[in-house]
Amino acid sequence: MSVTVSESHWRHVPVRLDVERWATRRTRRRVLVVVHTVIAGQRLLDAIRLWEGDVRVQTFFTQAPDVFSNGVAEFLDRLGGLVLPWNQAVQTHFHLALAASHGSLHELQAPVIVLPHGAGHNKIAPAGRNGTPVAQRGVYGLSRQRLMRDGTVVPEVIVLAHHEELTRLGRECPEAVPSAQVVGDPCFDRIAASLPSRALYREALNVRAGQHLVLVCSTWGPDSLLAHGWEVLQRLIAELPRDNFRIAALLHPHIWNAHGDWQVRSWLAGLTRSGMTLVSPYGDWAGAVVAADYIVGDHGSVSLYGAMTGVPVLMAGRADPDVDPGSPLAELMSFAPRLHPDRPLLPQLRRSSAAWRRQRYERVAARITSEPGRFSRKMRALLYRKLHLRAPATRPTTEPARLPLTVRYDDPGTLTAT
């Protein structure tokens, strides 16, 4: 009798009842990494690397249901981990589960740690579960409709980056405050560690000596820069002198996964052949932010991380997106100049440099995390505490970002990343 693919997944050695007969190493703890989207999976890598080398822990992965799940299977395949189908994952006991999104977590048989998948919690949730409107919208990741199910807080631990988020969580969902742990932000720490290597990232993006790099960053959705300001890219290429400027585009993974890699690259092929650099979604985006001289962004997290790099951030996309007015992103948007598409762009860039004030940007950057440089240490302590294991004696470190990858167009039918 032949075995179907779904049946064969149930035969992964570490979840077999007779595991001791087949396993090379006997592990003491089983951890499930729940990946809803590619961007959530990327954030979870910052946590799961903290138990690398520990033979007491066996790690499993699963793809959770999500509207942006396209690309997750390929992401997990590249990792090479043991992947359980969702219907098996929810029927299997684990000592701990990690996620960076909230959908369907109540179905798991494990205590769950939930991390944010962006720079804190800035956006207002547009709807309740399954698209059902709610009477009062809340901050995504802090709201009652995301954190509670049948009167119970679903996550055992809600990871926060800043102590001020505790106050915001108390307003949104006071029942969840006892579950919150302020741990820090891995992307903040990685960007900070990467700043001394700025020249290497600029070289990887083909920025020549004397050139200024304008990094255009778009989040996903109808309020984003790419949805409202496609012509911004065209005009930057057309108006800025190529000897003095290089333009690069950094797009949210949801854009690539919603429309498909081929389609996004096809849409931008003309601009890329005209001199624009397209940052690949399969590399580390942080180095591109560090390399920039100007950041043109929207209400996405990358704009907020840009505030810590010492360069002007200009806003595009919808002028009044759904952003929590008490968030650090809202503060950045209150003073960052808007890029006006009906005016010459070069004078606007120059004015943004003249108007840049270090104190303003440093104040916003300080609101991203209250634990700068301490995510790895505090997150590892939390993980091992919840696993009831003694943490290794070695001290975890924060590595600089890997060099960014860019999309190369070899010919009209070949689109690759380098």
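Structure first, text after, so check above.
Below is a summary of the structure that appears in this document. Predicted model only: the values in this text are computed from it and were never measured.

Another aspect to go through is the pairing of strand β1 (residues 29–35). Counted residue by residue, β1 has six buried out of seven residues, so it is predominantly covered. In this sheet, strand β2 (residues 57–63) lies alongside β1 in parallel orientation, the contact comprising seven bridges. Looking across to β2, one finds that V35 is bridged to Q63. Between β1 and its parallel partner β2, the chain crosses via helix α3 (residues 38–48), and the hand of that crossover is right-handed. Sheet topology note: the β1/strand β4 (residues 96–99) ladder contains four bridges and is parallel. By the bridge assignment for β4, V34 is matched with A99.

Another aspect to go through is the side chain of H254. Its place among the elements puts H254 in helix α12 (residues 253–259). Sequence-distant contacts of H254, defined by excluding residues within four places in its chain, comprise T37, I39, F68 and W220.

The next subject is the sheet that holds strand β9 (residues 180–182). What the seven strands build is an open sheet, ordered β3-β2-β1-β4-β5-β8-β9; its pairing is parallel. Each of the sheet's edge strands pairs with one partner strand only, and the pair in question is β3 (82–84) and β9. Taken over all neighbouring pairs, the strand axes of this sheet differ in orientation by 30 degrees on average, direction set aside. Note: strand β5 (residues 112–114) against strand β8 (residues 157–160), two bridges, orientation parallel. Opposite V114, over in β8, you have I158 as the bridge partner. Contacts from α3 reach β1, β2 and β4, with the element oriented near 155 degrees to β1.

The subject of this paragraph is the sheet that holds strand β11 (residues 245–251). Spatial ordering of the open sheet is given by β12-β11-β10-β13-β14, a layout of five strands whose pairing is parallel. Looking along the sheet, the strands with just one partner apiece sit at the ends: β12 (277–278) and β14 (313–315). Sheet topology places strand β10 (residues 212–218) next to strand β13 (residues 294–297); three bridges connect them, and they run parallel. In the sheet register, V214 faces β13, and the bridge partner there is Y294.

Criteria and thresholds
- Residues numbered from 1 in each chain as written.
- Predicted model: local features only at pLDDT ≥ 70, side-chain atom pairs only at ≥ 80, totals over all residues.
- Heavy atoms only, no water.
- Buried < 20%, exposed > 50% of the residue type's maximum accessible area, 1.4 Å probe, protein only.
- Helix = DSSP H or I, 4+ residues; strand = E, 2+ residues; numbered from the N terminus.
- Pairing = 2+ DSSP bridges.
- Right-handed = clockwise from strand over helix to strand, strands pointing away.
- Contact = heavy atoms within 4.5 Å.
- Axes fitted to C-alpha atoms, helices over the stretch in contact; angles between N-to-C directions.

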